[in-house]
Amino acid sequence: MVKRGLFSKEEKIILRKLEKEHELFKFKMLSSPIGYVYDCCQKIMFYESVYEYFLYSREALEKFMEVCSKEDGIIEALWELFVDTEYLKMEKWEDLEELLMVFESRKCGGAKYGKSEKIF
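Residues numbered from 1 in each chain as written. Predicted model: local features only at pLDDT ≥ 70, side-chain atom pairs only at ≥ 80, totals over all residues. Heavy atoms only, no water.

Draft legend 1. Focus on the overall build of the chain. For the chain, the count of helices and strands is six helices and zero strands. Seen in sequence order, the chain has helices and strands lined up from the N terminus as α-α-α-α-α-α. In the chain, buried positions account for 40% of the 120 residues. A sequence separation of at least 24 residues applies to 62% of the contacts in the chain between residues at least 6 apart. Within the structure as shown, the chain displays about 7700 Å² of accessible surface, and the carbon and sulfur contribution to it stands at 55%. (Helix = DSSP H or I, 4+ residues; strand = E, 2+ residues; numbered from the N terminus. Buried < 20%, exposed > 50% of the residue type's maximum accessible area, 1.4 Å probe, protein only. Contact = heavy atoms within 4.5 Å. Areas by Shrake-Rupley, 256 points an atom, 1.4 Å probe, with all protein chains shown as cover.)

The following block contains the structure:
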């Protein structure tokens, strides 16, 4: 795991969960037939992007700590939301932040955002 500074206890727990999920996904992909891996290339890029976002973004864990700490398999849950939500894209970190806000809003029932800010 890349260290970008001192982490709080909660951040370390979330990073370990993300790292474990990422490593399990990598193992599954590397042990799969070539055709299956090819079919999953977008999912592979998504997993790598989310994992790197949380490793390198200083604000990511602080901003989304609550929803990430409650979710097991956060990357897979975000992937499912991404696939189900046609208007979201994944080209840059701002897109991932939007995805996380939508995810958080749905998990919290929109309680974190005001009516004018409610995302979905």
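On we go.
Draft legend 2. The packing of helix 3 (residues 41-56) against helix 6 (residues 93-107), seen in detail. As a packed pair, helix 3 and helix 6 sit with axes 11 Å apart at the nearest point and diverge in direction by 90°. Classed by the angle they form, the pair helix 3 and helix 6 counts as roughly perpendicular. Only Trp93, Leu96, Glu97, Leu99 and Leu100 of helix 6 make contact with helix 3, whose side of the interface consists of Phe46, Ser49, Val50, Glu52, Tyr53, Phe54 and Tyr56. The class makeup of the residues in the contact of helix 3 with helix 6 is nine nonpolar, one polar and two charged. (Axes fitted to C-alpha atoms, helices over the stretch in contact; angles between N-to-C directions. Parallel < 35°, antiparallel > 145°, perpendicular 65-115°, else oblique. Nonpolar A, V, L, I, M, F, W, Y, C, P; charged D, E, K, R; others polar.)

Draft legend 3. Structural view of the pattern of salt bridges. A full pass over the atoms with the stated rule returns six salt bridges. A salt bridge links Glu97 to Lys63, with the nearest nitrogen and oxygen atoms 3.8 Å apart. With a gap of 34 residues between them, Glu97 in helix 6 and Lys63 in helix 4 (residues 60-70) connect regions that are remote in the sequence. (Salt bridge = Lys/Arg side-chain N within 4 Å of Asp/Glu carboxyl O.)

Draft legend 4. Local environment of the packing of helix 4 against helix 6. It is the contact of helix 4 with helix 6, at a shortest axis distance of 10 Å, that shows an interaxial angle of 40°. As summarised for this structure, helix 4 and helix 6 are arranged oblique, according to the angle between their axes. The chirality of how helix 4 crosses helix 6 is left-handed. Contact with helix 4, carried on its side by Lys63, Phe64 and Val67, involves Glu97, Leu100, Met101, Phe103, Glu104 and Lys107 of helix 6 and no other residues of that element. (Left-handed = near helix turned anticlockwise from the far one by under 90°.)

Draft legend 5. Region of the structure containing the packing of aromatic side chains. Going through the model one piece at a time under the given rule, you end up with six aromatic pairs. Centre to centre, the rings of Tyr53 and Phe54 are 5.3 Å apart; their planes meet at 75°, and the pair counts as edge-to-face. Across the pair, exposure class does not vary: Tyr53 and Phe54 are buried alike. Judged by centre distance (5.2 Å) and plane angle (85°), the rings of Tyr53 and Trp93 are edge-to-face. Within this pair, whereas Tyr53 is found in helix 3, its partner Trp93 is found in helix 6, the two being separated by 40 residues in sequence. Overall, the relative accessible area of 0% leaves Tyr53 in the buried class. Counting every residue linked through ring pairs, the aromatic cluster contains Phe46, Trp79 and Phe82. (Phe/Tyr/Trp six-rings, centres within 6.5 Å; stacked < 30°, edge-to-face > 60°.)

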